[in-house]
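The primary structure of each chain is shown beneath.
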Amino acid sequence: MILPTLGEERRGAFNHAFVVTLADGARVEAVFYRGDTLCVSSQVGCAVRCPFCASGANGLARGLTLDELRGQVEAVRARGLVPARVTVSGVGEPLHNAEAVRAVLGWCRAEGLAPSLTTSGGPLARLRDALTEWPHNGLTLSTHAGTESTRARLVPKGPPLDALFATLGALVPTLSRTRRKKTALAYLLVEGENDAPDELDAFARRAAPLGLTVHLYALNPVPTSEARAASREAYEAAFARLHDGGLTVRMSSKARVEAQGGCGTLVALRAARDA
Ligand code: SF4
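Residues numbered from 1 in each chain as written. Predicted model: local features only at pLDDT ≥ 70, side-chain atom pairs only at ≥ 80, totals over all residues.

Student: Help me out: how do you make sense of the overall build of the chain in this one?
Tutor: Scanning the chain for helices and strands turns up nine helices and 12 strands. The C-alpha atoms of the chain give 18 Å as radius of gyration, which agrees with the globular expectation for 275 residues (19 Å, within 12%). Taken along its principal axes, the extent of the C-alpha atoms in the chain is 50 × 40 × 30 Å. Classification of the 275 residues of the chain by burial places 48% in the buried group. Within the chain, counting contacts between residues at least 6 apart in sequence, those at least 24 apart form 70% of the total. (Helix = DSSP H or I, 4+ residues; strand = E, 2+ residues; numbered from the N terminus. Rg over C-alpha atoms; globule rule 2.2 N^0.38 Å. Buried ≥ 20, exposed ≤ 12 C-beta atoms within 10 Å, placed from the backbone. Contact = placed C-beta atoms within 7 Å.)

Have a look at this one:
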């Protein structure tokens, strides 16, 4: 296997972030954080085009091959870093590159690397497979909204909430207790977009019956978007509101909110430098 080239872009208090250049010159990102977890990319660009994310700003170029997915892990190991966990949560929508992503999750398991993924949820048939059959130690489902209009704005090519929660409502009760514990919802708080009490309450009404953990993420602003992080006060108010709505809520880790930590930022900055 030819390993991709790693360009170290940032070494922060909590993470090492790399621009990964693939054999054809395409670029993605890999981030080693908390001293034990490696976040890898599954596609060059992304078709979901969430407006707060730099990865989807130019749409999708292509999916990564299994060797390119594994190559990110091997290239980081070759730098002397030792991941214990691998999460497919970087550039790209994992369910849009299902065959290679499923295969790399299995490879990670065989290597003793606990694998996980983050998805916007579509296509729903693949979400069903991922929830019930894929070899992972954690699946986080990006929702970011309580109403359909907000979901359509923030996750434009993801499945609508009604269909998504109908699928989850049918499936989650059939999962084993272990699988249920490994499944979580994510709500990224974006100032003026999804931080209103009505929006949060609508999300809590949908999510509470599932009994899944909810990760409330603070936004990392990216250079391709006007989207702004909510203030700390608004973030804490949202946390309290979701908690009062009956949800088990977790806050963002420090690793997630470092400067230039937004998905796709490093590739966008490198492209701007090279232009
Ligand atoms: S947040 Fe994820 S799904 Fe949305 S555009 Fe970025 S990489 Fe794609």
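The discussion continues.
Student: Sorry, what's going on with the site of the ligand here?
Tutor: Surrounding the ligand, one finds Cys46, Val48, Arg49, Cys50, Cys53, Ser55, Gly56, Val91, Gly92, Glu93, Ser120 and Cys263. Looking at side-chain class alone, the shell around the ligand contains six nonpolar, four polar and two charged residues. (Near = placed C-beta within 6 Å. Nonpolar A, V, L, I, M, F, W, Y, C, P; charged D, E, K, R; others polar.)

Student: Which parts of the structure should I look at to understand the sheet that holds strand S11 (residues 213-218)?
Tutor: Consider a sheet: its strands pair through backbone hydrogen bonds, and that pairing is either parallel or antiparallel. The strand order across the open sheet formed by 10 strands is S1-S2-S3-S4-S7-S8-S9-S10-S11-S12, and the pairing between neighbours is mixed. The open sheet is flanked by strand S1 (5-11) and strand S12 (248-251), the only strands paired with a single partner. Averaged over all neighbouring strand pairs, the angle between strand axes comes to 25°, with direction disregarded. Pairing analysis gives four bridges linking S11 to S12, with the strands arranged parallel. (Pairing = 2+ DSSP bridges. Axes fitted to C-alpha atoms, helices over the stretch in contact; angles between N-to-C directions.)

Student: Explain the environment of Arg241 here, please?
Tutor: Inspection of the secondary structure assignment puts Arg241 in helix H8 (residues 232-244). What makes Arg241 buried here is the crowd of 20 C-beta atoms within 10 Å. Arg241 sits 40 residues away from Asp201 along the chain, and the two C-alpha atoms are 7.5 Å apart. Every residue in contact with Arg241, bar those within four places of it in the chain, is listed here: Pro197 and Leu200.

Student: Just to check I follow, could you spell out unusual backbone geometry for this structure?
Tutor: Across the chain, the bulk of peptide bonds are trans and the bulk of non-glycine residues have phi less than zero. Here Gly122 and Pro123 are connected by a cis peptide whose omega angle stands at -5°. Positionally, Pro123 belongs in the loop between strand S8 (114-119) and helix H3 (124-132). The phi dihedral of Arg49 is positive, around 60°, even though this residue is not glycine. Mapped onto the elements of the fold, Arg49 is located in the loop between strand S5 (43-45) and strand S6 (60-63). On the neighbour-count criterion, Arg49 (18 C-beta atoms within 10 Å) is partly exposed. With a phi angle near 65°, His144 is a residue other than glycine that sits in the positive phi range. Turning to its location among the elements, His144 is positioned in the loop between strand S9 (139-142) and helix H4 (148-154).

Student: Explain the packing of helix H7 (residues 197-207) against H8 to me, please; I cannot follow it from the model alone.
Tutor: Any two packed helices are characterised by the angle at which their axes cross and by the distance between the axes. At a minimum axis distance of 9 Å, the contact between H7 and H8 shows a crossing angle of 35°. Handedness of the crossing formed by H7 with H8: right-handed. Here Pro197, Leu200 and Ala204 of H7 lie close against H8, whose contacting residues are Ala238, Arg241 and Leu242. When grouped by side-chain class, the residues that make up the contact of H7 with H8 number five nonpolar, no polar and one charged. (Left-handed = near helix turned anticlockwise from the far one by under 90°.)

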